[in-house]
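This is what each chain is made of:
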Amino acid sequence: MAQQGVQLDQEQLCCSICLDLLKDPVTVPCGHSYCRRCIEGYWNQDDQRGTSRCPQCRHTFTPRPVLKKNTMLAEVVESLKKTGLQAAPPDHCYAGPGDVACDVCTGRRLKAVNTCLQCLVSYCDTHLQPHYQLAAFKKHKLVKASGELQENICSRHNRVSELFCRTDQQCICSLCSVDEHKGHDMTSAAVERAERQKELDTSQQNIQQSIQESEKDVKVLHQEVESISHCADRAVEDSDTIFTELISSMERRRSEVRELIRDQQKREVSRTEELRRRVEQEVTELRRRHAELEQLSLTEDHIRFLQRYTSSLSTIGKSTHPVSSNVRPLRYFEDVIVAVSKMKDKLEDIIKEEWTNVSETVNSLSTAPEPKTRADKPEDIFIEEGTNISETVNRVDVSPSTPPEPKTRAEFLQYSRPITLDPNTANQRLSLSKGNRKVTVMDKPQSHPDHPERFTGVWQVLSREALTGRRYWEVEWRGGFTGGVSVAVSHKDISRRGEESIFGFSDKSWSLQCTPEGYNFKHRRIEIPIPGRVTSRVGVYLDHSAGTLSFYSVADRCTMTLLHTVHTTFTHNLHVGLWLHRPLNTAELCDLK
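Residues numbered from 1 in each chain as written. Predicted model: local features only at pLDDT ≥ 70, side-chain atom pairs only at ≥ 80, totals over all residues. Heavy atoms only, no water.

1. Focus: the overall build of the protein chain
Our working rule: In this description a helix means any DSSP run of H or I spanning at least four residues, a strand means any run of E spanning at least two, and both kinds are numbered starting from the N terminus. Exposure is judged per residue with a 1.4 Å probe applied to protein chains only, and the accessible area is read against the type maximum: over 50% gives exposed, under 20% gives buried, and values in between give partly exposed. Contacts: residue pairs with any heavy atoms within 4.5 Å of one another. All accessible areas in this document rest on Shrake-Rupley with a 1.4 Å probe, and a residue is counted as covered only by the protein chains that are shown.
When you go through the protein chain residue by residue, the secondary structure sums to 10 helices and 23 strands. In the protein chain, which comprises 593 residues, the proportion classed as buried is 34%. Counting contacts in the protein chain only where the partners sit at least 6 residues apart, residues at least 24 apart contribute 57% of the total. Counting only carbon and sulfur atoms, one obtains 53% of the accessible surface of the protein chain, whose full area is about 37,400 Å².

Here's what the structure looks like:
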C-alpha cells in the first residue's frame, strides 16, 4: 500500500507537458503546475501566440501571467529525486516514424491515442485526461488518432466535414450546408458511407466472379500461346529453309558472275598481250628502218643517195595493228556492275512488293498462297538476270559513264525507297505511328521496353534501313512556334547517351536543324546558318559512293531549293536520323510512291 501511495504522489508531481518530474515548478492561475521551461515553450508556440492557455483545462489568461516558482512542489520533487524514482515513460510510448505525435507534448513527444474533432488536436493518454474529467469537454467527439486528420477538415471553414453533398458529390462541414451548398441534397457521412458500402460489396462480388471467369480464360489463352508458339517455331524453321535456299541461289549466281568476269578477263588480257607483242615488233622494225634512213641521210654520193632513197621509202608503211581501234575504254566491266545493280534493284522491288503480302499474312495468321508462276519467285530473277549479266560480261566493249546527278524532283524520286523508323532506337518520350514512319514527342514517357540501342538523353530515333548507293527521301515536320526538328544522317554506332549522341555534335552524324526561324547545318559541333524560305518539307539526297549529301527545301511537287551540300567520304553505312526539339513536335517520313 505504501508503494502505491508513493507511485500516486510521483504521478501527481509530473509535468503534464513533458511527462517527467517537475523541474523548476511554477503554478498558473488556474492551479495547474508545470515545468517553467515547458509552459513557457508551450505558450511560445506559433499557434499559441497572442493567448495564454492552460494545456489541461484550456483556461485562457490575458495578459500572460507572471510565473513564480512553487517552492513547496520544488522541495517535494527534490525529495522524490533522492529516492531514485523517475516518471519518464518507456521508449515505446514515444512517437516514432509513422506515428501520430501528441500536439501538446514538448520536447520528445509521446504517441497520440485520440484526436478531438472539436479541438482539432491529437492527445496522448496523459493530455487526454481533461476530456474525460472536465464537463466542458464531455461533448467533444474523440476518434482514433490519425495522420490524415487534415483531409477531414473543411479548408474553407476549418471545421470537421461531417456531411456529404450528393448534388456536388463532396464532403462538407455544417457551415458549408447553409452557405454555398444551401438547398442541395445532403446527408450525413455515415449514412452515405453505409449506402456506398453496399454498392462496394456488390462490386466486390462482381469482381470476384469476373476473376474466376478470367482465370478460366487465362488457362485457355495459355494453351493458345503454346499452340501459337509451336506453329511459329515451325514457320520459322520452314522460312529459314526457304531463305537458305534463296541465299544459296544467290551465292551460286555470285560465283557464276565472278567466273564469267575472270574468264572474260583472261580473254581480254590475252588479246591485249598479243596486240602489245605485235606492236613491239613493229617498233623494233621501225627503229631499224629509222637507223638506215639516218645513215642514208649522211651519204655524200648524190647518185648513190638517189638510188637508195626510192627503194627505202617504198618499204616504209603505216602500222598494221592500229591500237586505237583495238584498245577498250579505260573503265572496264562497269556495265557488268550496272547489270548486277539492276538485278539487285529488281529483287528489292519484288521483295518489297511481296513483303506487304507476307506481313499481312503473318498478321492475319493465314496461309500464304503458293506462287502461280516461276516469275513470281525471287529466285527466277537470278536466272533471268544471270543471262543478261553473262551476255554483258562477254561484251565488255562498252563502259557506260556514271549516271548524271538528278536535277528535277522527278529525277530525285527515282532514288526513293520506303524507309521506316526503328522502335528499338526511339527515346522513351517518342511515339511512332503510321507504320513507324511518323514520330511524335509525348508529354509522358511511353512503355518502350529497355534496349541497348535506345537513345536515353535526347528525343531522337534512327531508321531501320541502312542507306547505300543513291537514296532520296523527304521529311514533313511540325515544330510549332517554339520547337523544331533536326533531319540527319548518322552512323549506326553513334553513342546513345551524352552530347556525343546528339545529331551534328560528332563526326558520326550530319544534321539540318529546321525551325520556324530558319535552317542551320551542324557537323562536329560546327554550326552553319543557312538562308532560305522555311518550308514544312525537307528533301535529302545521298550518293554514298560519291560522298555527296544534299538538303533541299521542298515547296511543292516541282519546286526544290538547295539548302546545303556536303562533300566527304562515307566509310560506314548511314541511317536516317530525326531529332524532335520540343513536346508535341512531329516528323514524318513521306510516302513518295
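2. Focus: the sheet that holds strand E18 (residues 526-530)
Our working definition: DSSP calls a pair of strands paired once it identifies at least 2 bridges connecting them. Axis lines are fitted through C-alpha atoms, for helices just across the contact stretch, and the angle between N-to-C directions can take any value from 0 to 180 degrees.
Ordered by their spatial adjacency, six strands build an open sheet running E13-E22-E15-E16-E17-E18, and the pairing between neighbours is antiparallel. Edge positions in the sheet fall to strand E13 (460-462) and E18, since each of these pairs with one other strand and no more. Strand after strand, the sheet turns through a mean of 20° between neighbouring axes, direction not considered. Where strand E16 (residues 509-515) lies against strand E17 (residues 518-523), five bridges are found, and the strand directions are antiparallel.

3. As for the confidence of the model for the protein chain
Do not read the fine detail of predicted coordinates wherever pLDDT is low. The test is simple: Known as pLDDT, the predictor's per-residue confidence is scaled from 0 to 100.
When pLDDT is averaged along the protein chain, the result is 81; 82% of the residues meet or exceed 70. Low pLDDT, under 50, characterises residues 1-8; the predicted model gives this stretch one contact beyond four residues in sequence or across chains. The low-confidence segment residues 396-401, where pLDDT is below 50, has 16 contacts with residues more than four positions distant or belonging to other chains.

4. With respect to the state of the cysteines
Short version of the rule: Any two cysteine sulfur atoms within 2.5 Å of one another count as a disulfide.
Inspection of the entire model under this criterion finds zero disulfides. Cys57 takes part in no disulfide bond, and the closest cysteine sulfur, belonging to Cys54, lies 3.6 Å away. Looking at Cys57, the relative accessible area reads 22%, which means it is partly exposed.

5. So, the sheet that holds strand E12 (residues 438-441)
Read across the sheet, seven strands follow the order E11-E12-E23-E14-E19-E20-E21 without closing on themselves; strand pairing throughout is antiparallel. The open sheet terminates on both sides in strands that have one partner only, identified here as strand E11 (430-433) and strand E21 (560-567). On average, adjacent strands in this sheet sit at an angle of 20° to one another, irrespective of strand direction. Examined bridge by bridge, strand E14 (residues 470-478) and strand E19 (residues 537-543) share seven bridges and lie antiparallel to one another. If you follow Glu474 over to E19, its bridge partner there is Gly539.

6. Describing unusual backbone geometry
The omega torsion across Thr62 and Pro63 is -5°, close enough to zero to call that bond cis. Among the structural elements, Pro63 can be located in the loop between strand E4 (60-61) and helix H3 (71-82). A positive phi angle, close to 65°, is found at Asn436, a residue other than glycine. Mapped onto the elements, Asn436 comes out in the loop between E11 and E12. Since its relative accessible area comes to 22%, Asn436 is described here as partly exposed. Despite not being glycine, Arg525 shows a phi value in the positive range, around 70°. Residue Arg525 is classed as partly exposed on the basis of its relative accessible area, which comes to 44%.

7. Section: helix H4 (residues 125-133)
This is how it is decided: Think of the arc as the fan of directions from the helix axis to the C-beta atoms.
All of the buried residues along H4 are His127, Leu128, Pro130 and His131. Projected onto a plane normal to the axis of H4, the buried residues spread over an arc of 135° and lie on a single side.

8. Regarding the environment of Pro418
For Pro418, the location among the structural elements is in the loop between helix H10 (409-413) and E11. A relative accessible area of 49% means that Pro418 is categorised as partly exposed. As for Pro418 and Glu465, which are separated by 47 residues in sequence, their C-alpha atoms are 8.9 Å apart. What Pro418 contacts, discounting residues up to four positions off in sequence, is Lys352, Glu465 and Arg471.

9. Brief notes about the pairing of strand E22 (residues 574-580)
Most of E22 sits out of view: seven of its seven residues are buried. Across the two faces of E22 the burial is the same, with Leu574, Val576, Leu578 and Leu580 and His575, Gly577 and Trp579 all buried. Taken together, the three bridges between E13 and E22 define a ladder with antiparallel strand orientation. Bridge assignment links Leu462 to a residue of E22, and that residue is Gly577. When strand E15 (residues 485-491) meets E22, the two strands line up antiparallel, connected through seven bridges. Residue pairing across strands places Val487 opposite Leu578, the latter belonging to E22.

10. Overview of a nonpolar patch on the surface
Inclusion rule: By definition, no residue in a patch forms a salt bridge, and every one has over 30% relative accessible area; like charges are joined within 9 Å, nonpolar side chains (Val, Leu, Ile, Met, Phe, Trp, Tyr) within 5 Å. By definition here, a salt bridge exists when the distance from a side-chain nitrogen of Lys or Arg to a carboxyl oxygen of Asp or Glu is within 4 Å.
Where nonpolar side chains cluster on the molecular surface, the patch consists of Phe243, Ile247 and Met250 and spans about 290 Å² of accessible area. Examined against the element boundaries, Phe243 turns out to sit in helix H6 (residues 189-297).

11. Thoughts on the nonpolar core
Using the following cut-off: Here, nonpolar core refers to any group of buried Ala, Val, Leu, Ile, Met, Phe, Trp, Tyr and Cys residues whose side-chain atoms link them within 4.5 Å.
Grouped together as the largest cluster of nonpolar side chains are 36 residues, with contacts concentrated most on Val439, Leu467, Trp473, Trp510, Leu512, Leu549 and Leu578. In terms of residues, this core owes the most to one element, E22, which gives four residues. Counting 32 residues, the second largest nonpolar core, distinct from the first, contains Leu19, Leu80, Cys105 and Tyr123.

12. So, the side chain of Thr535
With respect to the secondary-structure elements, Thr535 resides in the loop between E18 and E19. Setting aside residues no more than four positions away along its own chain, Thr535 makes contact with Trp477, Tyr519, Ser553, Val554 and Ala555.

13. Digging into the pattern of salt bridges
Scanning the entire structure with this criterion turns up 28 salt bridges. Between Glu476 and Arg478 there is a salt bridge; the shortest N-O distance is 3.3 Å. Using a relative accessible area of 46% as the deciding quantity, one classes Arg478 as partly exposed. Residue Lys508 pairs with Asp493 through a salt bridge whose shortest N-O separation is 3.6 Å. Of this pair, Lys508 sits in the loop between E15 and E16 while Asp493 sits in the loop between E15 and E16, and the two are 15 residues apart along the sequence. Connected via shared salt-bridge partners are Arg409, Glu474, Glu476, Arg478 and Arg537.

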